[in-house]
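Coordinates in review
Letter by letter, the chains look like this.
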Amino acid sequence: GGVAAGVVLSLLGDIFINIGMNTMKFAHNINEEREQNGEPRLNFLLMKFWWIGVILMVVGELGNLAAYGFAPAAIVTPMGAIGVVCNLFITTLVLKEQCRAINVVGVIGVVMGIILIVVFAPRTTIDITSDTVVAQYILTNQMGIYLII
C-alpha cells in the first residue's frame, strides 16, 4: 500500500529530477554551440529549455517530498540512486555522450543495491508530532549548546 506508493513517487521524482538536470545541460550545450559558431551566449534565464529543466526538477523534488510521507526514509533515500541509471540513458541517447563499459557496470551495481535496500529495508515508520520534536530535540541541552556556539 503506502510503501509502494512511496517507492513509485520517489522513482518518478528522481526521474523527473534527472530529466530536468539533463534538460538544463541541453540548454548549456546550446550556448556552447552558439559560442563556437561566433554567436553570443544567451542568458540562461531567457532560455526555454533552462526553465523546463528547472520546473522538472521542482516537480521531481515535490514527488520525493511526498514519497517520505508514504515510505520510510530507509527506502526513499536510496531510491535517489535511480538518477544514475536514468542519467546513463539520457546522456547517451539524447545528449550523445559516450557510454563506456564501466558506466554500464556501475549502473548494474546501483540497480542491485536499490533492489537489496527496497527488499530488506524495515517497513516501519515513526509518527513524529511537533510536540515530540520540541520536547526531544529543541528543548535539550545539546540544542542549547549548539545555539550558544
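These numbers were taken from a predicted model, which means no experiment stands behind them. (Residues numbered from 1 in each chain as written. Predicted model: local features only at pLDDT ≥ 70, side-chain atom pairs only at ≥ 80, totals over all residues. Heavy atoms only, no water.)

**Examining the confidence of the model for the protein chain**
A low pLDDT score tells you not to read the predicted coordinates there in detail. Stated precisely, the cut-off is as follows: One number per residue, pLDDT, summarises how confident the predictor is, and it ranges from 0 to 100. The helix and strand labels rest on DSSP assignments: H or I over at least four residues marks a helix, E over at least two residues marks a strand, and numbering proceeds from the N terminus.
Counting all residues, the mean pLDDT for the protein chain is 89, and 97% of those residues have values of 70 or more. Across the protein chain, the element-wise mean pLDDT spans from 83 in helix α3 (residues 73–79) up to 95 in helix α2 (residues 48–67).

**Here we look at helix α4 (residues 82–93)**
The following threshold applies: Helix span, as expected, comes to 1.5 Å for every residue beyond the first. Note on contacts: a residue pair is in contact if any heavy atoms of the two residues lie within 4.5 Å.
Compared with an ideal rise of 1.5 Å per residue, which puts 12 residues at 16 Å, α4 spans 17 Å between its outermost C-alpha atoms and is within 8% of the ideal. On its buried side, α4 packs onto α1 (2–36), α3 and α5 (101–120).

**Concerning a nonpolar patch on the surface**
What counts here: Patches were defined on residues exceeding 30% relative accessible area and lacking a salt bridge, with like-charge contacts within 9 Å and nonpolar side-chain contacts (Val, Leu, Ile, Met, Phe, Trp, Tyr) within 5 Å. Computed by Shrake-Rupley with a 1.4 Å probe, the accessible areas treat only the displayed protein chains as cover when residues are assessed. Here a salt bridge means any side-chain nitrogen of Lys or Arg lying within 4 Å of a carboxyl oxygen belonging to Asp or Glu.
Among the surface-exposed residues, Ile128, Val133, Val134, Tyr137, Ile138 and Leu139 lie close enough to one another that they form a single nonpolar patch of about 560 Å² accessible area. Mapped onto the secondary structure, Val134 falls in helix α6 (residues 130–138).

**Concerning the environment of Arg100**
In this structure, Arg100 sits in the loop between α4 and α5. In this structure, the C-alpha to C-alpha distance between Arg100 and Leu88, residues 12 residues apart in sequence, is 9.8 Å.

**Here's the deal with the packing of α4 against α5**
Rules: Helix axes are fitted to C-alpha atoms over the stretch in contact, other axes to C-alpha atoms as well, and angles between N-to-C directions run from 0 to 180 degrees. We call a crossing left-handed when the near helix sits turned anticlockwise from the far one by less than a right angle, and right-handed when that turn is clockwise. Charged means Asp, Glu, Lys or Arg here, nonpolar means Ala, Val, Leu, Ile, Met, Phe, Trp, Tyr, Cys or Pro, and polar covers whatever is left, Gly included.
At a minimum axis distance of 9 Å, the contact between α4 and α5 shows a crossing angle of 150°. Regarding α4 and α5, the two cross each other, and that crossing is left-handed. In contact with Ile82, Val84, Val85 and Leu88 of α4, α5 contributes Asn103, Val104, Val107, Val110, Val111 and Ile114. Each residue belonging to the contact of α4 with α5 can be placed in one class, and the counts come to nine nonpolar, one polar and no charged.

**Details of unusual backbone geometry**
Counted only if it meets this: The buried label applies to any residue whose accessible area, calculated with a 1.4 Å probe on protein chains only, is under 20% of its type's maximum; exposed applies above 50%, and partly exposed to all values in between.
Of note in the backbone geometry, Lys96 takes a positive phi value of approximately 60° without being a glycine. Its location among the elements puts Lys96 in the loop between α4 and α5. Owing to a relative accessible area of 66%, Lys96 belongs among the exposed residues under this scheme.

**A few points about the pattern of salt bridges**
Taken as a whole and judged by the stated rule, the model has three salt bridges. With its nearest N and O atoms 3.2 Å apart, the salt bridge here joins Arg34 to Glu39. The salt bridge involving Arg41 is made with Glu35; its shortest N-O contact spans 3.4 Å. Since its relative accessible area comes to 45%, Glu35 is described here as partly exposed.

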